[in-house]
Amino acid sequence: MFEYTGYYLDDDITLNRTFDVFVPEKVTQKTALFFIHGGGWTSGAKEGYHLIMQAYCKRGFICGSASYRLLPTAGKTTLSAVDQLKDCRECYDGFVSVLKKKNLPLDIAVFGTSAGAHLASLLVCGLPGECQEECKLENNWVKPVCGLLQSTPAFFEPWKEVYPAMWGMMERAAGGSFEEFPEKYRNLSLDRLIRKDNPPLFFMEADNEGLFPREYNEVLLEKHLQWGIPSEMKVYKYAEHGFFYNLTRPIQLEAFEDIITYVNKVNP
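In this report, we go over the structure that sits alongside the text. (Residues numbered from 1 in each chain as written. Predicted model: local features only at pLDDT ≥ 70, side-chain atom pairs only at ≥ 80, totals over all residues. Heavy atoms only, no water.)

## Observations regarding the overall build of the protein
Moving on, step 1. In terms of regular secondary structure, the protein is built from seven helices and eight strands.
Moving on, step 2. A compact globule built from 268 residues should have a C-alpha radius of gyration of about 18 Å, and the protein, at 17 Å, falls within 12% of that.
Moving on, step 3. In terms of principal-axis extent, the alpha carbons of the protein reach across some 50 × 45 × 35 Å.
Moving on, step 4. The buried share among the 268 residues of the protein stands at 54%. (Helix = DSSP H or I, 4+ residues; strand = E, 2+ residues; numbered from the N terminus. Rg over C-alpha atoms; globule rule 2.2 N^0.38 Å. Buried < 20%, exposed > 50% of the residue type's maximum accessible area, 1.4 Å probe, protein only.)

Below, the structure is given as structure tokens:
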């Protein structure tokens, strides 16, 4: 059994600026889990992780999942990934408020996949406002205990073998072309935020990853290891981009258990 509650960030409701919280009948895990969905910055929803959150609830974890305003696939828009990061930070901050009200530890691991992993990585490694997002937080910033990043880009600038369709999504997420606004792309790059005070990161890489080459994340991992940060990387054999969206395949069940193992290792 678990208790489910949905929260909107705004008194005058703004669609997708909302987060869900699943509370198990008995919270037995010190670390809470917070999920950010993927979908190329243009699709996806927090409900996509409800089944996985329910499974973690059965293991004693309190879980939250964020929605954020989605970018349209065509036409002009003033939204960008910076606005989506604002939404995710404010949802995370709302989750912190829920934990406080329940007198639970403020130890939170943040999971994201694909575009969600991009947003999660900036949330975990950067401070509020560091990517030019204008946040309104109820609490002092609570640094996550770790990041769980499945299929994440190491940076947001063009690379030689970038998949053209993905680059088109990234251009839309940045709010313009790289030639026009290179600083916007730099602001959204994880590698800019890699430093000695980062929380540890668990890079969950697909063997058949076709969008974000893992060798770039290996460079980030090596920096963490040199500084003594207990980050790790695991490559899931035969897995594809964004594979951890359900618990029906052996590889998904393996990832499910790996998250528990890693979280309890870095935050015992």
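## A word on the sheet that holds strand β7 (residues 201-208)
Moving on, step 1. With mixed pairing, eight strands are arranged side by side in an open sheet as β1-β2-β4-β3-β5-β6-β7-β8. Single-partner strands in this sheet number two, and they are β1 (2-8) and β8 (232-240). Strand after strand, the sheet turns through a mean of 20 degrees between neighbouring axes, direction not considered.
Moving on, step 2. The sheet contacts of helix α1 (residues 50-58) involve β1, β2 (18-24), β3 (32-36) and β4 (63-66), and relative to β2 the element is tilted by about 30 degrees. (Pairing = 2+ DSSP bridges. Axes fitted to C-alpha atoms, helices over the stretch in contact; angles between N-to-C directions. Contact = heavy atoms within 4.5 Å.)

## Remarks on helix α6 (residues 214-226)
Moving on, step 1. For α6, with 13 residues, the first-to-last C-alpha span of 18 Å sits near the 18 Å given by 1.5 Å per residue.
Moving on, step 2. Within the sequence span of α6, burial applies to Asn217, Leu220, Leu221 and His224. For α6, the angular spread of the buried residues around the axis is 100 degrees, confining them to a single face.
Moving on, step 3. Its buried side turned inward, α6 meets β7 and β8.
Moving on, step 4. Gly228 lies just past α6 and shows a positive phi near 85 degrees. (Expected span 1.5 Å × (residues − 1). Arc of directions from axis to C-beta.)

## Topic: the state of the cysteines
Moving on, step 1. By the definition in use, this model includes zero disulfides.
Moving on, step 2. The cysteine Cys57 is free of any disulfide, with Cys63 supplying the nearest cysteine sulfur at 4.7 Å.
Moving on, step 3. Relative accessible area serves as the criterion here: at 5%, Cys57 is assigned to the buried category.
Moving on, step 4. Cys135 carries a free sulfur, and the closest cysteine sulfur to it, the one in Cys131, is 9.5 Å from it. (Disulfide = S-S within 2.5 Å.)

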